[in-house]
Amino acid sequence: MQNTSTSISAQELKARLDFFENECRQRGLRVTNQRREIFRAVAASRAHPSAEAVFLQVRRTMPNVSLDTVYRTLTSLEEMELLTRVGSSSKERFDGDMRPHAHFVCTECGEVYDIFTPQDTLFTPPQEASNWGEVKRVNVQFKGICKRCRK
């Protein structure tokens, strides 16, 4: 289950930022301050922030950043597989933790909770999937109503 803290350790954040910078450089992508701060806002949080929440966070240190820039950067980081988009289409959230895990998405409030499990079969695609092509990533989401909303 998800850690109750909404932020990650400084050591874990540094590892994610180092990985991000190395991946950008390997792909010939400049590590701009905007790109780094947008990634940091997602990578530093266990709360799976929305694009709007990332925008508000980044604006604290970069007041000239636009919401459009945040959306475009999040999309490009997702395409580079440096973060994952989770939730429903009306309540999209972003996750900077690329370790194998599933998510529980509340269909009422949109909150997203991490589910870490030792069950490797949850993340192993069925053999039939290879008939359609090469599986690069698995995204498991359980949707329902969280405990808070059920009260």
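In the block above lies the structure referred to throughout.
**Student:** Looking at this model, I keep getting lost on the overall build of the chain. Mind explaining?
**Tutor:** The number of helices and strands found in the chain is five helices and five strands. The secondary structure elements of the chain, listed N-terminal to C-terminal, are α-α-α-α-β-β-β-β-β-α. Expected size for 151 residues packed as a compact globule is a radius of gyration near 15 Å; at 16 Å, the chain falls within 12% of this value. Dimensions of the chain along its principal axes, counting C-alpha atoms only, are 45 × 45 × 30 Å. Every one of the 151 residues in the chain was classed for burial, and the buried ones make up 36%. Just so you have it, the chain exposes about 9,500 Å², and 49% of that area is on carbon and sulfur atoms.

**Student:** What is the right way to read the layout of surface pockets from this model?
**Tutor:** What the second largest pocket holds in volume is close to 230 Å³. Lining the second largest pocket are Thr 84, Asp 97, Met 98, Arg 99, Pro 100, His 101, His 103, Phe 123, Arg 137, Val 138, Asn 139 and Val 140.

**Student:** Just to check I follow, could you spell out the sheet that holds strand β5 (residues 141-144) for this structure?
**Tutor:** Two pairing modes exist for strands in a sheet, parallel and antiparallel, and in both the strands are linked by backbone hydrogen bonds. Pairing is mixed in the open sheet, where three strands are placed in the order β4-β3-β5. Only two strands of the sheet have a single neighbouring strand rather than two, namely β4 (112-115) and β5. Going from strand to strand, the sheet's axes swing by 20 degrees on average, the running direction of each strand aside. For strand β3 (residues 102-106) and β4, the ladder comprises four bridges, and the chain directions are antiparallel. Each bridged residue has a counterpart across the sheet, and for Phe 104 the counterpart in β4 is Tyr 113.

**Student:** Could you clarify how one ought to interpret the packing of helix α1 (residues 10-26) against helix α2 (residues 33-43) in this entry?
**Tutor:** Two measures define how a pair of helices packs: the angle their axes make with one another and the distance between the axes. Taken N-terminus to C-terminus, the directions of α1 and α2 make an angle of 140 degrees; their axes are 10 Å apart at the nearest point. As the angle between them shows, α1 and α2 are arranged oblique. Between α1 and α2 lies a crossing whose hand is right-handed. Contact residues: Leu 13, Arg 16, Leu 17, Phe 20 and Glu 21 in α1; Arg 35, Arg 36, Phe 39, Arg 40 and Ala 43 in α2. Its residues placed into classes, the contact of α1 with α2 shows five nonpolar, no polar and five charged.

**Student:** How should helix α4 (residues 67-79) be read in this particular structure?
**Tutor:** In an α-helix, one turn spans 3.6 residues, which is why side chains three or four residues apart end up on the same side. Across its 13 residues, α4 extends 18 Å between first and last C-alpha, which sits within 8% of the 18 Å expected from 1.5 Å per residue. Among the residues of α4, those classed as buried are Thr 69, Val 70, Thr 73, Leu 74, Leu 77 and Glu 78. Around the axis of α4, the buried residues are gathered within 165 degrees of arc, so they sit on the same side. On the buried face of α4, the contacting elements are α1, α2, α3 (51-59), β1 (84-88) and β2 (91-95).

**Student:** Even after reading the chapter, I still don't get unusual backbone geometry, so can you show me in this structure?
**Tutor:** The general pattern is negative phi for most residues beyond glycine and trans for most peptide bonds. Residue His 48 is not a glycine yet carries a positive backbone phi of 55 degrees. Mapped onto the secondary structure, His 48 falls in the loop between α2 and α3. Unusually for a residue other than glycine, Glu 81 sits at a positive phi of about 60 degrees. Secondary-structure assignment places Glu 81 in the loop between α4 and β1.

Basis of the calculations
- All residue numbers here refer to positions counted from 1 along the written sequence of the relevant chain.
- Restriction of local features to residues with pLDDT of at least 70 applies here, the model being predicted, together with a cutoff of 80 or more for giving and counting side-chain atom pairs; totals for whole chains, interfaces and linings are based on all residues.
- In computing side-chain properties, one takes all heavy atoms of the structure into account and sets aside hydrogens as well as water.
- Each helix is a run of H or I in the DSSP string that is no shorter than four residues. Each strand is a run of E no shorter than two, and both are numbered from the N terminus.
- Taken over C-alpha atoms, the radius of gyration is set against a globule rule of 2.2 Å times the number of residues to the power 0.38.
- Exposure categories follow from relative accessible area, calculated using a 1.4 Å probe and restricted to protein chains: below 20% of the type maximum is buried, above 50% is exposed, and the middle band is partly exposed.
- Only the protein chains shown count as cover for residues, and all accessible areas are computed by the Shrake-Rupley method using a 1.4 Å probe.
- Only protein atoms enter the 1 Å grid used here, on which a cavity is any set of points holding a 1.4 Å probe that cannot leave and a pocket is any open set flanked by protein within 12 Å on both sides along at least five of seven lines; residues with an atom within 4 Å of a point are listed as lining.
- Grid points are joined across faces, edges and corners, and a volume is the space filled by probe spheres set on the points.
- Strands were regarded as paired on the criterion that DSSP finds at least two bridges between them.
- Angular values range over 0 to 180 degrees, each being the angle between N-to-C directions of two axes fitted as lines to C-alpha atoms, with helices fitted over their stretch in contact.
- Working definition: roughly parallel below 35 degrees, roughly antiparallel above 145 degrees, roughly perpendicular at 65 to 115 degrees, and oblique for all remaining angles.
- Handedness of a helix crossing follows the sense of rotation of the near helix relative to the far helix, less than a right angle counterclockwise being left-handed and clockwise being right-handed.
- Residue contacts follow a heavy-atom distance rule, with two residues in contact if any of their heavy atoms lie within 4.5 Å.
- Gly falls in the polar group here, along with every residue not listed as nonpolar (Ala, Val, Leu, Ile, Met, Phe, Trp, Tyr, Cys, Pro) or charged (Asp, Glu, Lys, Arg).
- Each residue after the first adds 1.5 Å to the expected span of a helix.
- By arc we mean the arc of the directions from the helix axis to the C-beta atoms, nothing more.

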